[in-house]
Amino acid sequence: MAPAAGAAEGDEGEGLLLQNTRQLTFQGRRSGEGYFDPSGSRMVFQSEREPGNPFYQIYLMDLETGDTSRISPGIGKTTCAWVHPSGNRVLFASTHDDPQARAKQKEEIELRESGQQRRYSWDYDEHFEIYSADLQGRDIRRLTHARGYDAEGSYSPDGTRIVFSSNRHAYSQELSSPDRELLEIDKSVFADLYLMNADGSNVRRLTEVRGYDGGPFFSQDGSKITWRRFSEDGATAEIYTMNADGSDAKAITSMGAMSWAPFFHPSGQYLIFSTNKHGFANFELYLVDAQGRRDPVRVTYTDGFDGLAAFSPDGQTLAWTSNRTPEKQSQIFMAQWNHQRALQLLGLQDAADSLPPVALPATEAAISAQDLKEHVALLAADRLEGRLTGTQGERMAADYLAKYFASLGLQPAGEKGSYFHDFEFTSGVELGSENRLRLQIEGEEWTPAVDEDWRPLSFSQTGGIEAGQVVFAGYGIVAPQGQGQEEYDSYVHLDVEDKWVLMFRYLPDGISSERRQHLARHASLRYKAMEARNRGARGIIIVSGPASQVKDQLVELSFDASLSGTSVAAISIGDDWAQRLLGAAGKDLQALQEQLDQGELMMGFPLPSATVSATIDLTYKKAVGRNVLALLPAGDQPMGEAVAIGAHMDHLGRGQASGSLARADEKGQIHNGADDNASGVAGMLEIAQYLAEQKASGRLMARRDLLFAAWSGEELGLLGSSHWVNERDQDKDNDLKPDITAYLNLDMIGRLRDELILQGLGSSSVWTGIVEQRNVPVGLAISPQDDSYLPTDATSFYIKKVPILSAFTGAHEDYHSPRDTAEKLNYTGMREVSRFMALVARDLVQRPQGPDYIAMQEPEEKGARAGLRAYLGTIPDYAQGDVKGLRLSGVSKGSPSDQAGLQAGDVVVELAGRAIENIYDYTYAIDALKIGETVKIVVMRQGERLSFDITPSSRE
């Protein structure tokens, strides 16, 4: 199977609802109208693909093997196939009984051989009849016997009825003279919908309206029929639905275009259809809710034809016909379907709550690799949409965990007697409707377009900002003297009181690495805004400049976990608008940046002919996240003291949260988070079942309770665990928030290779002894780490003086990307890690006293950074232990590091002349790199010191 070809600029838009689009059919002149069988494992479709046959024939493809066989006889024309709900027969329309079928076929072949080509159009041949055949194309049974066009049939979900389109009444009744002439010109005008029994008996007419009624399909529950109805002149068509008996017919679109080929989603909540509202020959897929109460929502964005769409029976896959092929000939395409996003776009979110819950697997008491695999498969399924905090996918995961805890007999430990602990958080920022920017330049007023010419920064002051003069302040950096570096001050002798300050986005590009290192700590946009605010500025205007080599000149309106604002307006503008401001003062943007990039200070200056005013409207979105907590009491009642075992269940959704490392071609895809952190949650569930069974059998003599916690919001900044521990401290009388004597964390335990990394051993003096003793039955190779300030939920507890121990199997190249999927996990390794952590937990609840707490020094705060603009493609090993330098767990394929020759296991000890001793040194060394400028990177590889040339590329 090959990826889709020919997609246009709409790929980003299509990524909202379609993922992993691929071409399904390739053979022949063209193929189309692909429909899934009831199992979703086969597809019936029509195709022109056999030599000597110029018309569509019907084929059946096995989607598991790719095996394809013809169903129709191979003579005449065919169209519109459908598989019976039993999966044993195929319905289709054909003209093979036409006495002239072979002659018409020969005529068409001769025409094509002469070099001529008919314009493709459907002729509504009166010899079309409806047939059924078995899956080998044998036992063909004719179901209709009337003169006229009988085609476009489909079975009801129970297989007892067939709905189809026919103009048979135009041939069986007396027509007026004008209608006889019309029938010769346009047979489709007389097409109506009919219903018959599956054996062809009991035919009854459902519609009686002039204009073509066709393409009917039942809803999955069989209660509704949808179809397309053309106007009498054939110029427009709309989507209709009616009850299965023909009553309550109504239009659910009013687009005034050619809207046709509707198909119900299996949920029954909406339909997909095709329309040419964007151009006569440009058909795009759209959605509309089943009641037609909301505006349709666009699905595809590729020029040409996209139509004849059909959902798989489970609603998770979409197939459709498209000419987005290199040859511009129609073939069938298939993609993963985003049902949750469809509901959101259609305003049907409440309906999402009615989705059937994930079924609980049957698991055994012993910690089992198969059970772990079952849990991961459910948590990392596409259906949960990447479990982004505050989304339906997160709620579905939480519901599953709560039901599983209940099935084990664990007590609810959340709020109000439930397993849930909800917390509110700021989930994002978006542009409001009232954003306005007004520039007065030499007496002429300009209003640049928001989100195209300018954009507010996420931390900007909001509301109306009065007009003020503009001053230019270079890079807007204020850096004190220190570490052998001179002071840098963009504001020397520059009055910015009540003015807008125009400044470049990053920091000078042509300076030494040491100088860049010094300035980088003072070059973040927030830091620049603070310096301008402290000097009384009204606002800052950020421009990237032509030398920056960014892909988007405007600063992204990105999610910021803090989302704290500032009392100064902050916007970014495109280079051309900055040039207009500077040009009025006789200055050139590129010349200024080139001069500043040499590192010499430049006096700022006013732009006396320019003023700026703005209205900034930002909406900070609030959402509610959900933790899941359950208690296994030591006795019949809670003790008020517990060992906590936790793992975070959230992940990155489709990458809209910060931290996604998806490649450009993966944008918008589901980040399934199998290792991060379905693996840890699965391990926690297995530990819970194991210890619950231990208690029930009398083999666990616990002195304290066990608290099991599935945290949410970890990826957004440890939100869920922080909320819980803070509330616990504020309400210690609440028995459901016990004192925690120790916290065990499982975060990414699914990729065990050579050793298990145990972090947090420095938080208590008892850990080394416990680890050694409890690893005896398991025999894991363990890499111990003392560091207790970790980028995971364990830190929420450690800073509250709780000793912690965190299990981790290491970073990998699929981290935080759509490639972190369930089939890549080492389930045998997960079982061993879970066994070991279960034995540690068992030790902790049985020992007379809880572990002591050792306070460690928090890692040095390195200050604000400008943000990593340069890209090397290295994957740091955050669990490298006491190695001096930065060990790499891998390099991204095709990245600068890959091209330079770096490998997994290399330890970076020098970059661009800067010594690298740890991750912090490395991060700030990258800050000092210039895009496109080759530097030396030195690594230790198996005891040998090697030097490579590496050329950073742009991250943005």
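Look up a bit, the structure's there.
The following refers to the structure shown. For clarity, every value in this text was computed on a predicted model and none was experimentally measured. Just so you know, the residues in each chain are numbered from 1, in the order the chain's sequence is written. Under the rules for a predicted model, residues below a pLDDT of 70 receive no local features and side-chain atom pairs below 80 are neither given nor counted, while totals for whole chains, interfaces and linings still include all residues. Excluding hydrogens and water, the side-chain values take into account all heavy atoms of the structure.

## A few points about the sheet that holds strand 7 (residues 78-83)
- Strands qualify as paired when DSSP identifies two bridges or more between them. The helix count covers DSSP runs of H or I at least four residues long, the strand count covers runs of E at least two residues long, and both are numbered beginning at the N terminus. Taken in spatial order, the four strands make up an open sheet running 7-8-9-10, and their pairing is antiparallel. Strand pairing shows two members of the sheet lacking a second neighbour, strand 7 and strand 10 (141-142), which therefore form its edges.
- By the bridge criterion, six bridges tie strand 8 (residues 89-94) to strand 9 (residues 129-134) in an arrangement that is antiparallel. Bridge assignment links Ala93 to a residue of strand 9, and that residue is Ile130.

## A few points about the pairing of strand 5 (residues 57-62)
- Of all six residues in strand 5, five are buried, a share of seventy percent or more.
- With six bridges joining them, strand 4 (residues 42-48) and strand 5 adopt antiparallel strand pairing. Residue Val44 lies in a different strand from strand 5, and its bridge partner there is Leu60.
- Across three bridges, the pairing between strand 5 and strand 6 (residues 68-70) is antiparallel. Among the inter-strand pairings, Tyr59 is bridged to a residue of strand 6, identified as Arg70. We call a residue buried when its accessible area falls under 20% of the maximum for its residue type, exposed when it is over 50%, and partly exposed in between, using a 1.4 Å probe and counting protein chains only.

## Examining helix 8 (residues 392-407)
- Expected span of a helix: the number of residues minus one, times 1.5 Å. With 16 residues, helix 8 extends 22 Å between its outermost C-alpha atoms, agreeing within 8% with the 22 Å of an ideal straight helix rising 1.5 Å per residue.
- Among all positions in helix 8, only Gln392, Gly393, Glu394, Met396, Ala397, Ala398, Tyr400, Leu401, Ala402, Tyr404 and Phe405 are buried.
- Just downstream of helix 8 lies Gly409, where phi reads positive at about 85 degrees.

## A short note on the sheet that holds strand 4
- Pairing within the open sheet is antiparallel, and its four strands lie in the order 3-4-5-6. The open sheet has two edge strands with one neighbour each: strand 3 (30-36) and strand 6. On average, each strand axis in the sheet is inclined to that of its neighbour by 30 degrees, with strand direction left out of account. A fitted line through C-alpha atoms represents every axis, and for helices the fit uses only the stretch in contact; the resulting angles, taken between N-to-C directions, go from 0 to 180 degrees.

## Brief notes about the pattern of salt bridges
- Salt bridge criterion: a side-chain nitrogen from Lys or Arg within 4 Å of a carboxyl oxygen from Asp or Glu. Under the definition given, this model contains 51 salt bridges.
- The salt bridge partner of Arg29 is Glu48, with a shortest N-O separation of 3.0 Å. On the criterion of sequence distance, the pair formed by Arg29 in the loop between strand 2 (18-23) and strand 3 and Glu48 in strand 4 is long-range, its members being 19 residues apart.
- Accessibility expressed as a relative area gives 23% for Arg29, which makes it partly exposed.
- Judged by its relative accessible area of 5%, Glu48 falls in the buried class.
- Taking the shortest distance from any N to any O, the salt bridge between Glu832 and Arg835 comes out at 2.9 Å. Residue Glu832 and its partner Arg835 are located together in helix 17 (residues 827-846), separated by three residues, close to a single helical turn.
- Given the relative accessible area of 29%, Arg835 is considered partly exposed.
- It is possible to trace a salt-bridge network through shared partners that takes in Arg663, Glu666, Arg751, Asp814, Arg819 and Lys824.

## Focus on the nonpolar core
- Here, the term nonpolar core denotes a set of buried Ala, Val, Leu, Ile, Met, Phe, Trp, Tyr and Cys residues that are joined through side-chain atoms within 4.5 Å. Core analysis: the biggest nonpolar cluster contains 68 residues, and Val376, Phe405, Val628, Ile645 and Phe708 have the highest contact counts within it.
- Among the elements that make up this core, the one with the highest residue count is helix 17 (11 residues).
- Counting 58 residues, the second-largest nonpolar core is a separate cluster that includes Ile58, Ala191, Leu318 and Leu348.

## Let's talk about helix 2 (residues 101-113)
- Spanning 13 residues, helix 2 covers 19 Å between terminal C-alpha atoms, matching the ideal 18 Å at 1.5 Å per step.
- Within two residues after helix 2, Gly115 carries a phi angle of roughly 95 degrees, on the positive side.

## As for the pairing of strand 17 (residues 237-243)
- Counting buried residues along strand 17, six of its seven residues qualify, which places the element largely inside the surrounding structure.
- By the bridge criterion, seven bridges tie strand 16 (residues 224-230) to strand 17 in an arrangement that is antiparallel. Bridge assignment links Thr226 to a residue of strand 17, and that residue is Thr241.
- As paired strands, strand 17 and strand 18 (residues 250-251) are joined by two bridges and run antiparallel to one another. The residue bridging Thr241 from the neighbouring strand is Lys250, located in strand 18.

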